[in-house]
Amino acid sequence: MTFEDLPTTPRAEELLDKAFSRASRTGRAKDGWDAQESMLITAANILSDNLANVSTSWPDFEFEVEPFYYELADAVVNVDELRQALSEVNWASRRIDELRSEYQAKMRKSGVETARKHRKQAFARMADIVEEIEDDLLTVGEARDALKTLPDIRPDEPAIVVAGYPNVGKSSFVNHVTRASNEIASYPFTTKAVQIGHFERDRIRYQIIDTPGLLDRPEEDRNGIERQAVSALTHLADAVLFVVDASGDCGYPLESQLELLAEVEERFDAPVLVVCNKSDRSRDVEADAYMSVTENDNVDAVLDMAVEAVGFEPDLPSRGEN
């Protein structure tokens, strides 16, 4: 997943403490002019390297982040603000490296006492730079903590998104067709868990995703972040299975379910297939397929219909390619 391996972002104070305490230990191991230069190099390298690691460990949002994760990340954190913070951290890394070179050159032309003054001056300027980006480090750290919890969904694998009101049988369907321990994850902005199952057809692995809290109620009931998350799902879905319960046992009238269906059809460019579940109780709705998960009736056929709607064709090398 795009953000799960991001390193912990240090706070400004802890980074300065680490750099200057290690520089002090390095200086005690040497004498005179060499001690001052070693302290300068040690502190500068720790600060510059750690800040560079913060900025370079993040993927390039413009070129390396899939549209699904880009928009989902922007729903959780402000991506523009995050990119600006990363830019400031990268600037600080380069500036500290420049100060190291600048003060090394000054120290080579001076005696021990003057070298000590140069080293102290360099430390003060480095500290000012790190403190200047204190808020940027906090921004990056908070973004990292939020984004690492995003559901592990593979944009490069075909995905079937399951939608519909609560209690219509979406989770039961996902459990049935995957027949495995499905992954449970949460979007950081909702208390409801996302269920992600997998199944294979013709050696192709498919993802099937139930997104409670997002596609189970009208858009007017979603907050701004949830609406943006739904928008992110439009980049992911290769097909949508909209499950309805014509019997009304789910607790929601069929009219409301069909209004939500109309919203989903308008929102998604991917094929939207209407599936009437609990068909052993009622078929009083026009649908693409009818099934009963509890009775194990026509469930696999519905899955085959979804696979056909996806129409996924893997990129296979031709015989002429090496």
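Keep in mind that this is a model prediction, so the values were computed, not measured.

A. Broad picture of the overall build of the chain. Along the chain, the regular secondary structure elements total 10 helices and seven strands. For 322 residues, the compact-globule estimate of 2.2 N^0.38 gives 20 Å, and the C-alpha radius of gyration of the chain, at 28 Å, exceeds that figure by more than 25%. Overall size of the chain, expressed as C-alpha extent along the three principal axes, is 95 × 55 × 30 Å. Taken over 322 residues, the chain has a buried fraction of 49%. For the chain, the proportion of contacts with a sequence separation of at least 24, taken over those separated by at least 6, is 71%. With an accessible surface of roughly 16,000 Å², the chain has 41% of that area assigned to carbon and sulfur atoms. Mean positive and mean negative side-chain charge positions of the chain (35 and 63 charges, respectively) differ by 13 Å.

B. Fine view of the pattern of salt bridges. Taken as a whole and assessed by the stated rule, the structure comprises 15 salt bridges. Taking the shortest distance from any N to any O, the salt bridge between Arg 201 and Asp 304 comes out at 3.0 Å. Here Asp 304 lies in helix α10 (residues 299-310) and Arg 201 lies in strand β3 (residues 193-201), a separation of 103 residues in the sequence. Since its relative accessible area comes to 25%, Arg 201 is described here as partly exposed. Notably, a salt bridge pairs Glu 226 with Arg 217, separated by 2.6 Å at the nearest N-O pair. Take Glu 226 and Arg 217: they sit in the same class, and that class is buried. Ionic contacts of the salt-bridge type, sharing partners, join the residues Glu 102, Lys 106 and Arg 125 into one network.

C. Quick peek at the pairing of strand β1 (residues 159-163). Counting buried positions over the five residues of β1 gives five, a clear majority of the element. Side chains Ala 159, Val 161 and Ala 163 project from β1 onto one buried face, and the interleaved Ile 160 and Val 162 project onto a second face that is buried too. Here β1 runs beside strand β5 (residues 239-245); their pairing, made up of four bridges, is parallel. Bridge pairing in β5 places Ile 160 opposite Ala 239.

D. Focus on the confidence of the model for the chain. Averaged over all residues, the pLDDT of the chain equals 91, while 96% of them reach at least 70. Between the elements of the chain, mean pLDDT differs from a low of 74, seen in strand β2 (residues 183-186), to a high of 98, seen in strand β6 (residues 272-277).

E. Structural context of the nonpolar core. Ranked by size, the top nonpolar core spans 104 residues in total, and within it Phe 3, Trp 58, Leu 82, Phe 173 and Ile 208 carry the most contacts. Broken down by element, this core gets its largest block of residues, 10 residues, from helix α4 (residues 79-108).

F. Molecular detail of the domain arrangement of the chain. By the assigned domains, the chain splits into domain 1 (12-148) and domain 2 (159-310). Centre-to-centre separation of domain 1 and domain 2, based on C-alpha positions: 47 Å. If you look at the interface, domain 1 gives eight residues, while domain 2 gives 11 residues. If you sort the residues of domain 1 by the area they bury against domain 2, Phe 68, Glu 71 and Ala 75 come out on top, with a joint share of 61%. The interface formed by domain 1 and domain 2 contains zero salt bridges. Counting across the interface, domain 1 meets domain 2 through three residue pairs in polar contact (both at pLDDT 80 or more). The element contributing the most residues to the side of domain 1 that touches domain 2 is helix α3 (residues 67-76), with seven residues.

G. Spatial organisation of the packing of aromatic side chains. The full count for this structure, using the stated rule, is nine aromatic pairs. With 5.8 Å between their ring centres and 85° between their planes, Phe 61 and Tyr 70 make a pair best called edge-to-face. Ring-pair connections join several aromatic residues into one group, and the members of that group are Phe 3, Trp 58, Phe 61, Phe 68, Tyr 69 and Tyr 70.

H. Looking closely at the sheet that holds strand β7 (residues 289-290). The strand order β2-β3-β4-β1-β5-β6-β7 describes an open sheet built from seven strands, whose pairing is mixed. In the strand order of this sheet, the two ends are held by β2 and β7, each with one partner. Note: β1 against strand β4 (residues 204-210), four bridges, orientation parallel. Looking at β4, one finds that Ile 160 is bridged to Ile 208.

I. Structural view of the packing of helix α2 (residues 32-56) against α4. Contact geometry for α2 and α4: axes closest at 8 Å, N-to-C directions at 165°. Comparing their axes, α4 and α2 come out roughly antiparallel. Handedness of the α2/α4 crossing: left-handed.

J. View of helix α7 (residues 170-178). Residues of α7 that are buried include every one of Lys 170, Phe 173, Val 174, His 176, Val 177 and Thr 178, and no others. If you follow the buried residues of α7, they end up packed against β1, β3, β4, β5 and α10.

K. Representation of the environment of Leu 214. Relative to the assigned elements, Leu 214 resides in the loop between β4 and α8 (224-236). When its relative accessible area of 0% is taken as the criterion, Leu 214 is described as buried.

What counts, and at which threshold
- Residues numbered from 1 in each chain as written.
- Predicted model: local features only at pLDDT ≥ 70, side-chain atom pairs only at ≥ 80, totals over all residues.
- Heavy atoms only, no water.
- Helix = DSSP H or I, 4+ residues; strand = E, 2+ residues; numbered from the N terminus.
- Rg over C-alpha atoms; globule rule 2.2 N^0.38 Å.
- Buried < 20%, exposed > 50% of the residue type's maximum accessible area, 1.4 Å probe, protein only.
- Contact = heavy atoms within 4.5 Å.
- Areas by Shrake-Rupley, 256 points an atom, 1.4 Å probe, with all protein chains shown as cover.
- Lys, Arg positive; Asp, Glu negative; His and termini not counted.
- Charge placed at Lys NZ, Arg CZ, Asp CG, Glu CD.
- Salt bridge = Lys/Arg side-chain N within 4 Å of Asp/Glu carboxyl O.
- Pairing = 2+ DSSP bridges.
- pLDDT = per-residue confidence, 0-100.
- Core = buried A, V, L, I, M, F, W, Y, C linked by side-chain atoms within 4.5 Å.
- Domains from an automatic or database assignment.
- Buried area = accessible area lost by both parts, 1.4 Å probe.
- Polar contact = N/O pair within 3.5 Å; in protein donor to acceptor, adjacent residues only side chain to side chain.
- Phe/Tyr/Trp six-rings, centres within 6.5 Å; stacked < 30°, edge-to-face > 60°.
- Axes fitted to C-alpha atoms, helices over the stretch in contact; angles between N-to-C directions.
- Parallel < 35°, antiparallel > 145°, perpendicular 65-115°, else oblique.
- Left-handed = near helix turned anticlockwise from the far one by under 90°.

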